[in-house]
Every structure is written in structure tokens, then in C-alpha cells.
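# Summary of structural features
Each chain, written out:
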Amino acid sequence: MLDFFTIFSKGGLVLWCFQGVSDSCTGPVNALIRSVLLQERGGNNSFTHEALTLKYKLDNQFELVFVVGFQKILTLTYVDKLIDDVHRLFRDKYRTEIQQQSALSLLNGTFDFRNDFLRLLREAEESSKIRAPTTMKKYEDSEKAKKPARSMIETRGEKPKEKAKNSKKKGAKKEAGSDGPLATSKAVPAEKSGLPVGPENGVELSKEELIRRKREEFIQKHGRGMEKSNKSTKSDAPKEKGKKAPRVWELGGSANKEVLDYSTPTTNGTPEAALSEDINLIRGTGPGGQLQDLDCSSSDDEGAAQNSTKPSATKGTLGGMFGMLKGLVGSKSLSREDMESVLDKMRDHLIAKNVAADIAVQLCESVANKLEGKVMGTFSTVTSTVKQALQESLVQILQPQRRVDMLRDIMDAQRRQRPYVVTFCGVNGVGKSTNLAKISFWLLENGFSVLIAACDTFRAGAVEQLRTHTRRLSALHPPEKHAGRTMVQLFEKGYGKDAAGIAMEAIAFARNQGFDVVLVDTAGRMQDNAPLMTALAKLITVNTPDLVLFVGEALVGNEAVDQLVKFNRALADHSMAQTPRLIDGIVLTKFDTIDDKVGAAISMTYITSKPIVFVGTGQTYCDLRSLNAKAVVAALMKA
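I will try to describe carefully the structure that is included in this document.

Below, the discussion takes up the overall build of the chain. Helix and strand content of the chain: 26 helices and 13 strands. Here the chain, with 639 residues, has 38% of them falling under the buried criterion. The long-range share in the chain, meaning contacts at least 24 apart out of those at least 6 apart in sequence, stands at 72%. Total accessible area on the chain stands at roughly 37700 Å², and carbon and sulfur atoms take up 54% of it.

Attention now moves to the pattern of salt bridges. Throughout the structure, instances matching the rule amount to 27 salt bridges. For aspartate 85, the salt bridge is made with arginine 88, and the minimal N-O distance between the two is 3.1 Å. Of this pair, aspartate 85 and arginine 88 both sit in helix α2 (residues 79-93), separated by three residues, roughly a single helical turn. Overall, arginine 88 belongs to the partly exposed group, its relative accessible area being 47%. Between arginine 336 and glutamate 372 there is a salt bridge whose closest N-O contact spans 3.3 Å. Taken as a pair, arginine 336 in helix α16 (residues 336-352) and glutamate 372 in the loop between α17 (357-371) and α18 (382-398) lie far apart in primary sequence, 36 residues in all. Since its relative accessible area comes to 30%, arginine 336 is described here as partly exposed. Because the salt bridges share partners, they merge into one network encompassing Lys81, Asp85 and Arg88.

This part covers the state of the cysteines. With the rule as written, the count across this model stands at zero disulfides. A disulfide-free cysteine, cysteine 17 has its sulfur positioned 3.6 Å from the sulfur of cysteine 25, the nearest such atom.

A surface patch of nonpolar side chains, amounting to about 310 Å² of accessible area, comprises Met504, Val542 and Met576. By the element assignment, methionine 576 lies in the loop between α24 (558-573) and β11 (585-589). Residue class for methionine 576 comes out exposed when judged on its relative accessible area of 66%.

Quick look at the side chain of aspartate 59 now. Turning to its location among the elements, aspartate 59 is positioned in strand β4 (residues 52-59). A polar atom in the side chain of aspartate 59 sits 3.0 Å from the side chain of histidine 87. Not counting residues within four places of it along the chain, the set of residues in contact with aspartate 59 comprises Leu64, Phe66, His87 and Arg91.

This part is about the environment of arginine 511. Within the secondary structure, arginine 511 sits in helix α22 (residues 499-513). On the basis of relative accessible area, arginine 511 is assigned to the partly exposed category, the value being 47%. A sequence separation of 91 residues divides arginine 511 from tyrosine 420, and the C-alpha atoms of the two residues are 9.7 Å apart.

Tallied over the full model, the rule gives 15 aromatic pairs. Note on phenylalanine 66 and phenylalanine 90: the rings are 6.1 Å apart at their centroids and 80 degrees apart in plane angle, and the pair reads as edge-to-face. A residue pair is termed long-range when its members are at least 10 positions apart, and phenylalanine 66 in strand β5 (residues 64-71) and phenylalanine 90 in helix α2 qualify at 24 residues. Residue phenylalanine 90 is classed as buried on the basis of its relative accessible area of 0%. Here a set of aromatic residues connected by ring pairs shows up, and it is made of Phe5, Trp16, Phe18, Phe66, Phe90, Tyr94, Phe111, Phe113 and Phe117.

With 107 residues, the main nonpolar core has Val386, Met406 and Leu443 as its most contacted residues. Here this core gets eight residues from one element, more than from any other, and that element is α18. Listed in part, the 26 residues of the second largest apolar core include Tyr78, Ile83, Val86 and Leu121.

On to the sheet that holds strand β2 (residues 14-19), then. Within the open sheet, the five strands sit side by side as β2-β1-β5-β4-β3. Their pairing is antiparallel. Looking at which strands have only one partner, the edges of the open sheet turn out to be β2 and β3 (46-49). Ignoring strand direction, the axes of neighbouring strands in this sheet form an average angle of 15 degrees. Relative to β5, β4 is paired through eight bridges, and the arrangement is antiparallel. Bridge pairing in β5 links aspartate 59 to leucine 64. Together, β1 (2-9), β3, β4 and β5 form the strand contacts of helix α1 (residues 26-37), whose direction differs from that of β4 by roughly 60 degrees. Taken strand by strand, α2 contacts β1, β2, β4 and β5, and its axis lies near 35 degrees from that of β4.

Of the strand pairs in this sheet, β3 and β4 are connected by four bridges, and their pairing is antiparallel. Its bridge partner lying in β4, serine 46 is registered against lysine 55. Between the end of β3 and the start of β4, which pair antiparallel, lie two residues, with glutamate 50 showing a positive phi angle near 55 degrees.

Here we come to helix α20 (residues 432-445). Over its 14 residues, α20 extends 20 Å from the first C-alpha to the last, a length consistent with the 20 Å expected when each residue adds 1.5 Å. In terms of residue burial, α20 counts as a mostly covered element, since eleven of its 14 residues are buried. Residues of α20 that are buried include every one of Lys432, Ser433, Asn435, Leu436, Ala437, Lys438, Ile439, Ser440, Phe441, Leu443 and Leu444, and no others. Of the residues one or two after α20, glycine 447 is the one with positive phi, at around 90 degrees.

Criteria and thresholds
Residues numbered from 1 in each chain as written. Predicted model: local features only at pLDDT ≥ 70, side-chain atom pairs only at ≥ 80, totals over all residues. Heavy atoms only, no water. Helix = DSSP H or I, 4+ residues; strand = E, 2+ residues; numbered from the N terminus. Buried < 20%, exposed > 50% of the residue type's maximum accessible area, 1.4 Å probe, protein only. Contact = heavy atoms within 4.5 Å. Areas by Shrake-Rupley, 256 points an atom, 1.4 Å probe, with all protein chains shown as cover. Salt bridge = Lys/Arg side-chain N within 4 Å of Asp/Glu carboxyl O. Disulfide = S-S within 2.5 Å. Patch = residues over 30% accessible without salt bridge, like charges linked within 9 Å, V, L, I, M, F, W, Y side chains within 5 Å. Polar contact = N/O pair within 3.5 Å; in protein donor to acceptor, adjacent residues only side chain to side chain. Phe/Tyr/Trp six-rings, centres within 6.5 Å; stacked < 30°, edge-to-face > 60°. Core = buried A, V, L, I, M, F, W, Y, C linked by side-chain atoms within 4.5 Å. Pairing = 2+ DSSP bridges. Axes fitted to C-alpha atoms, helices over the stretch in contact; angles between N-to-C directions. Expected span 1.5 Å × (residues − 1).

Here it is, written out as C-alpha cells:
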């Protein structure tokens with residue numbers, strides 16, 4: 001049973017809606033628009049929102065969206081067929097109203113589609129019921145049971161007959177494949193006589209008379225044809241050549257001789273010059289082959305016609321020009337067949353730029369769904385159209401759905417007289433402590449005091465590393481420059497202690513001492529380590545930080561997707577809260593080591609829908625940047 005089915009334009013006008021079990025479809029549809037349509041994540045036509053599963057279809061030609069919703073515990077096999085049938089009937093029935101493409105005409109239009117929809121729904125449900133599971137076939141219904149028992153019994157006498165038949169066929173094929181008409185004359189009487197065919201016929205003397213008689217019968221039947229062939233030949237020399245060469249040479253030999261005969265007049269200067277010009281023109285088709293870059297299939301044929309003869313050069317030039325214009329001017333809507341080759345190249349290019357393979361496939365599928373049925377613009381090629389759509393999708397993905405403004409949130413926490421807490425998590429060796437020190441320096445430069453909580457009680461030297469960073473930062477911002485106020489301090493309890501307890505004590509200490517920000521450093525852990533992931537979920541659940549940042553390096557490809565998915569899943573599974581706290585943002589490190597292979601940024605933001613808050617670009621405290629989406633996409637699309 002369907003909960004709802006709605007049709008609306010991409011501008012937000014609801015054209016028609018069917019309410020089934022659900023009272024309202026506003027919440028799920030708005031979630032679909034926010035999370036999928038606006039974020040360019042249309043690679044999959046299914047979306048889950050709470051207890052509902054939403055399936056949608058885009059009509060890019062008329063800018064329409066068809067959405068159906070049903071309970072996710074149900075398995076409705078007819079939904080895809082229903083949405084296709086509704087899409088086809090609705091656009092055909094109200095084509096005139098939709099083609100006006102004005103909001104006023106859509107608002108004034110009456111779309112009475114309920115009866116048609118109920119009919120299509122009833123037909124789809126009945127078609128799904130007809131497809132009942134097939135039952136196992138019984139032995140009585142099989143073809144083997146219908147055969148009599150005698151037909152399945154093999155006797156000894158039948159096998160030699162079958163072998164004799166096979167030997168006859170093989171012998172006939174061998175004789176048919178031999179040269180000359182004499183071999184065929186041997187094959188015909190042998191099949192008619194029923195004697196075994198083989199080389200033994202010429203050895204046994206008892207069968208010579210029978211073979212001689214068959215040959216005489218064959219000569220009498222085909223003697224007239226042989227006489228005609230003897231009359232047609234003038235001398236014995238052509239006969240000997242015909243016998244020595246295969247029959248194909250006899251058919252094509254005359255044509256080749258004629259060509260050789262006509263070669264004598266070409267000794268003059270003019271024919272040889274014409275021949276050399278033709279050769280030069282054929283070699284000159286190399287530069288013309290560059291027109292394949294424009295995906296203009298007609299240009300090759302026109303170029304060949306231009307190069308074939310000299311008088312048709314002007315006509316070929318005009319034809320190539322108009323063919324190129326015909327390929328550029330938008331005269332038809334895009335289909336998946338038109339975009340398939342371009343999307344394959346784009347997918348391989350994204351994977352080469354370090355984008356995860358699954359993410360690259362979903363991005364190309366999203367672009368295909370976005371452009372399918374859309375009419376191309378004037379003087380635009382398929383490659384440029386697909387590339388432009390992919391660039392827009394990538395920029396939209398990198399622009400966060402929720403913008404993280406730490407400075408504004410810290411000032412809001414100051415008004416509430418409490419510290420702003422940030423927790424760093426990630427796998428081993430990605431640079432959590434180093435980038436924590438960079439963010440500390442950035443906060444100190446903005447005038448906020450920082451307390452660093454050393455909650456990495458597992459790795460040897462972790463506390464000493466943070467102590468060194470604290471000493472360096474204190475030297476850069478001594479208390480004398482801030483009216484005797486300590487701007488940065490380390491809170492540590494040594495090794496082997498509970499990280500969640502240390503973080504709780506650090507937050508209480510910061511509240512009492514008046515620190516603005518608490519940065520919690522945690523131990524690096526692999527996403528498959530269940531005990532350490534449980535400890536991290538406990539630390540986040542108990543202390544409820546304001547911001548949870550995942551620190552990942554830009555060198556990873558497919559591993560970035562696995563890390564983020566499993567970190568979020570572990571935080572949700574091991575959390576004791578009703579609404580578990582997940583990752584809020586990403587810190588992308590080692591960005592200065594990847595040149596233009598910036599695909600990890602796309603993979604991380606696509607899989608989590610979370611923004612990249614900071615980008616680490618070096619080893620000094622100043623090497624911290626904010627993400628520039630357009631610059632990243634430009635580097636990603638660069639060849």
C-alpha cells in the first residue's frame with residue numbers, strides 16, 4: 001500500500017498529490033529535496049527517511065519530479081513500473097500546460113489525474129500478482145516421461161549405423177574440400193551408392209568395376225558442361241593455370257588481369273601524377289581525424305569524400321563545416337546512449353584523481369539522471385555539457401549543507417559562560433595532534449584561550465608531543481601580551497587512564513578557570529577495532545562535545561569511504577543516547593602532498609554530507625586553510 005504519490009516542478013510547485021495511508025507528505029519530500037536533489041546526490045533513485053522509502057524520477061525536459069512513498073518494511077515490486085507509467089501518461093496528457101513553462105500557467109492549470117492514477121495503480125498491482133512463483137516441474141510433465149521406453153534403449157546394431165553415417169558425412173566434406181571437379185565427381189556417386197568413402201576405394205581391386213561404371217554415368221550426365229568449358233578455352237595453357245590455382249583465382253583472375261592490362265597507359269606523366277596526388281590525399285586524412293574529438297561521427301565520412309577526388313574538395317569542405325555545426329547546435333534531447341562514452345571517460349578520470357570507485361560511479365549516474373531528456377544548448381557538445389554538469393555537481397557537494405562557523409559558536413558559548421568543546425578522532429598517523437596544535441594557534445590569533453586535553457593515554461609520547469606544542473604556543477602568545485592571562489594550557493593525567501574521565505575533568509577545569517575552548521585529543525584507532533570504537537563512543541556520549549571532527553588524510557582513496565562509514569556506524573551502535581552523536585565535520589590533512597589528486601575531499605564529503613572545516617597544507621602552525629570548493633573542482637577536472 002502506498003503512503004503517497006506526488007508530482008511537483010523543480011521550482012517547488014506541487015502539481016498533483018495522492019494521499020494514501022500517510023496524512024502528509026511534506027516532511028519526507030522536503031527531506032528528499034534537501035538531502036538528495038539540492039546536494040546533487042541523484043545517483044540512486046531511492047531515499048530512506050525514517051520509516052519511509054521514497055523512490056523518485058526526474059523529468060529534465062519539463063523540469064518535473066515524480067515521488068512515491070511507502071513503508072520501508074514492505075517489498076513492492078510494482079513501484080518502478082508504476083512511476084514510469086504515471087510519468088509517461090502525465091506528461092502526454094498535460095504536455096500543453098507544462099510546455100508553457102510559467103508559474104502562473106501551472107498554478108491556474110487543473111490537473112485532474114486521480115482516476116488515471118488509480119487505474120494505473122490497479123493495473124500495476126494486478127500485474128505483480130500475476131507473476132506467481134513457478135512450481136517445480138514433475139517427472140510426468142517432462143519430455144523424457146512422454147518418450148516410449150523403446151526409444152531410450154540402445155542396441156548394438158544401431159551404433160555402427162550411426163558411425164557409418166558420420167563417416168559418410170566426414171568423407172563427403174573431405175572430398176568437397178579437395179581441388180578440381182574430379183573430387184566432386186567422386187563424392188556424389190559415393191553418397192548415392194551407400195559405400196564407405198575413403199582412400200581405400202582406390203586400393204581394393206574388387207570395387208574397380210563399380211567405380212568405373214559410376215564415373216561413366218557421371219561423365220554422361222555432365223559431359224555437355226565439360227564440352228562447353230573446353231570450347232571456351234583457346235589453349236591448354238590457361239587450363240593448366242586454372243587447374244593449379246583454386247576456383248577463387250578463376251573468378252578474380254580476369255579482373256586482376258584487366259587491371260594489369262590497364263596499367264600500361266599509366267607510363268605517361270599525367271596518370272602517374274594523378275596517382276601520386278591520390279596517395280598524398282589518402283595520407284592527408286590524419287589531420288582530418290582530429291574531428292573525432294568533437295564527437296561528430298559524420299565528419300569522418302565527409303572528410304573521406306573530400307579527400308577522395310579533387311573536384312569535390314569544395315563540396316566536402318562545406319559538408320564538413322555544416323556537419324560540425326549540426327553536431328554543435330542543440331537539436332535533440334540528450335539520451336543515455338549519447339552520454340555513455342563521455343561518462344565512462346569522466347568516471348575513469350575521477351578514479352585517477354583519487355576519487356573512490358563507488359563514489360565516481362554514483363556521481364556519473366547522478367549526472368546522467370540530471371541530463372537525461374534535457375535539450376542541449378546552442379553551440380554546445382555532449383562532452384562540454386556533461387563536463388559542466390559534473391563540475392556543478394562537484395561544487396554543490398563540496399559546499400556544506402550545514403556550515404560550521406567555530407568563531408560564531410565560541411562567542412555564543414561565551415555568552416552562556418561555558419567552554420566550547422571540540423573532539424578530534426581518526427585513524428592512526430593522520431595528524432590529529434599536529435592539526436590540533438594548528439587549530440589552537442588559529443584560535444589564539446583570534447583572541448580565545450585554549451585548554452588542550454591529553455586524552456590519548458595509549459600511544460607512547462602522545463602527552464609529551466602535546467606538552468611540546470603547548471610550550472611553543474605559550475612562547476608565541478605569552479601571558480604578558482594578554483594582561484597576565486594564560487592563553488594556552490595542557491590538561492593531562494598520564495597514561496593508562498580512562499579517556500572519557502580525563503575529558504570530563506578537563507571540561508570542568510576549563511569552566512572553573514574561564515577557558516573559552518577545550519580541544520580533546522584522542523588516540524588513533526582503526527575503524528575495525530570494536531573495543532577502541534566503543535571507548536570513543538563512550539567519550540562522546542558522556543561529554544557531549546559541541547563539535548566532533550574526523551581527521552583524515554588526503555592520500556587515501558577508497559579507504560576514506562570505509563573509515564568514515566564505519567566510524568559513524570560505530571558511534572551510532574555503541575552510543576547509549578537515543579539520538580547518537582555522529583561526526584560533524586572533517587579536517588583534511590597532508591593536502592600539500594597530493595598535487596592535483598584531490599579526490600579524497602569529494603569522497604569524504606559525499607559519503608557523510610558533512611563539510612570539510614579545515615585543510616592542513618604543511619608542517620608549521622600557519623599551514624591551515626579553509627576549503628575552496630571551486631579551486632578543488634578545478635584541480636579535479638584538470639587533465
